[in-house]
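Structural overview for review
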Amino acid sequence: MTEQSSTIIRRFDLKDLDQVITINKETLPENYPERFFRTIFAELPSAFQVCQLDGIILGYTMARIETGLSHYSIFHRAKKGHTVSIAVKPAYRRKGIAKRLLKESITAMINQGITELFLEVRVSNTAAVNLYKAMEFDIIKEIRHYYRDHESAYLMARKIP
Ligand code: ACO
Ligand code: ZN
């Protein structure tokens, strides 16, 4: 049996928190205090998803819903789904896990009535930019000096019909 066929995507549980925080620290420069993960989960549990293989967490994504200016209809407000963070352990990449995580999290936000999705990503992060393009996100604009080290971000978004 392949790894792919025995991995499951499921809702995050607080017992996964230590593993998720470890993956976040090992794979991304954007790290958050434990209470941030707890708050995001409490606000919209169904949008916080993990990939599990034999009790080990291989990846996660977390997202929240924000109301603010639309990225598509200028001057209009919109209920927007914001993917805050996603990461997959290096040994398990390019197996479609991030795509599956995002799909599940996005579906949960669509069920809450969002009309668009957005996220920020480092301009140098080709893997992630390609992932979002594969998920039908478009680059809306570049946000200069977005990160603490002053790298720019792409604001990427997708309209939900
Ligand atoms: N190079 C080019 N394209 C890529 C790459 C890559 N290294 N990785 C993914 N893609 C694109 C491809 O189109 C791929 O489809 P394909 O494999 O059929 O060509 C598609 O994305 C889907 O790939 P997945 O296998 O679902 O992605 P994976 O599970 O490997 O996870 C991720 C991608 C999350 C970006 C992973 O590389 C990672 O954890 N990186 C470090 C953490 C990170 O950068 N997270 C995103 C930060 S931005 C944010 O969190 C909002
Ligand atoms: Zn963000």
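Before any of the text, the structure's been laid out above.
**Thoughts on the site of ligand 1**
Around ligand 1 sit 23 residues, and of these Ile-86, Val-88, Arg-94, Gly-96 and Asn-125 come closest. One of the backbone N or O atoms of Val-88 is found 2.8 Å from an oxygen atom in ligand 1. One of the side-chain N or O atoms of Asn-125 is found 2.7 Å from an oxygen atom in ligand 1. Taking 980 Å² as the accessible area of ligand 1 by itself, protein coverage stands at 78%. Elements represented by at least two residues in the shell around ligand 1 include exactly β4 (77-88), α4 (97-110), β5 (116-122) and α5 (126-134). Top contributing element to the shell around ligand 1 by residue count: β4, with six residues. Per-class residue counts for the shell around ligand 1 are 12 nonpolar, six polar and five charged.

**Brief notes about α4**
Compared with the 20 Å implied by 1.5 Å per residue over 14 residues, the 20 Å span of α4 between its first and last C-alpha is a close match. Along α4, the residues that are buried comprise Ile-97, Ala-98, Leu-101, Leu-102, Ser-105, Ile-106, Ala-108 and Met-109. Summarising the axial view, the buried residues of α4 lie within an arc of 155°, below the 170-degree limit, and thus occupy one face.

**What about unusual backbone geometry?**
Phi at Phe-75 takes a positive value of approximately 75°, unusual for a residue other than glycine. Along the chain, Phe-75 turns up in the loop between β3 (56-69) and β4. Positive phi, close to 60°, is recorded for Arg-94, a residue that is not glycine. Mapping Arg-94 onto the fold places it in the loop between β4 and α4.

**Details of the packing of aromatic side chains**
One pass over the structure, following the stated rule, counts seven aromatic pairs. A centroid spacing of 4.9 Å and a plane angle of 85° characterise the contact between Tyr-146 and Tyr-147, whose relative ring orientation is edge-to-face. The ring of Phe-118 carries the charged tip of Lys-80 above its face, separated from the ring centre by 5.0 Å.

**A few points about the coordination of the zinc ion (ligand 2)**
Coordination sphere of the zinc ion (ligand 2), protein contribution only: His-82 (NE2) and Glu-120 (OE), at 1.8 to 2.0 Å. With His-82 in strand β4 and Glu-120 in strand β5, this residue pair connects regions lying 38 residues apart in the sequence. In this structure His-82 comes out as buried when scored by relative accessible area, which is 8%.

**Digging into the sheet that holds strand β6 (residues 138-143)**
Spatial ordering of the open sheet is given by β1-β2-β3-β4-β5-β7-β6, a layout of seven strands whose pairing is mixed. The open sheet has two edge strands with one neighbour each: β1 (8-11) and β6. The sheet shows a mean angle of 25° between the axes of neighbouring strands, direction not considered. Each of β2 (49-53), β3 and β4 touches helix α2 (residues 17-27); the most contacted strand, β3, lies at about 85° to it. Set on the sheet, helix α3 (residues 34-43) makes contact with β1, β3 and β4; between it and β3 the angle comes to about 65°.

**Let's talk about the pattern of salt bridges**
Summed over all chains, the structure comprises six salt bridges. With its nearest N and O atoms 2.7 Å apart, the salt bridge here joins Glu-30 to Arg-122. You can see Glu-30 sitting in the loop between α2 and α3 and its partner Arg-122 sitting in strand β5, a full 92 residues away along the chain. A salt bridge links Glu-66 to Arg-64; the shortest N-O distance between them is 2.8 Å. Judged by its relative accessible area of 22%, Glu-66 falls in the partly exposed class. On the accessibility criterion, Arg-64 (26% relative accessible area) is partly exposed. Within this structure, Glu-30, Arg-122, Asp-149 and Glu-151 form a network of salt bridges that share partners.

Rules and cut-offs
- Residues numbered from 1 in each chain as written.
- Chains lettered and ligands numbered in written order.
- Predicted model: local features only at pLDDT ≥ 70, side-chain atom pairs only at ≥ 80, totals over all residues.
- Heavy atoms only, no water.
- Near = heavy atom within 4 Å.
- Polar contact = N/O pair within 3.5 Å; in protein donor to acceptor, adjacent residues only side chain to side chain.
- Areas by Shrake-Rupley, 256 points an atom, 1.4 Å probe, with all protein chains shown as cover.
- Helix = DSSP H or I, 4+ residues; strand = E, 2+ residues; numbered from the N terminus.
- Nonpolar A, V, L, I, M, F, W, Y, C, P; charged D, E, K, R; others polar.
- Expected span 1.5 Å × (residues − 1).
- Buried < 20%, exposed > 50% of the residue type's maximum accessible area, 1.4 Å probe, protein only.
- Arc of directions from axis to C-beta.
- Phe/Tyr/Trp six-rings, centres within 6.5 Å; stacked < 30°, edge-to-face > 60°.
- Lys NZ or Arg CZ within 6 Å of the ring centre and 35° of its normal.
- Donors = N, O, S within 2.8 Å, 3.2 Å for Na, K, Ca; no water.
- Pairing = 2+ DSSP bridges.
- Axes fitted to C-alpha atoms, helices over the stretch in contact; angles between N-to-C directions.
- Contact = heavy atoms within 4.5 Å.
- Salt bridge = Lys/Arg side-chain N within 4 Å of Asp/Glu carboxyl O.

Nothing here speaks to function; it is geometry throughout.
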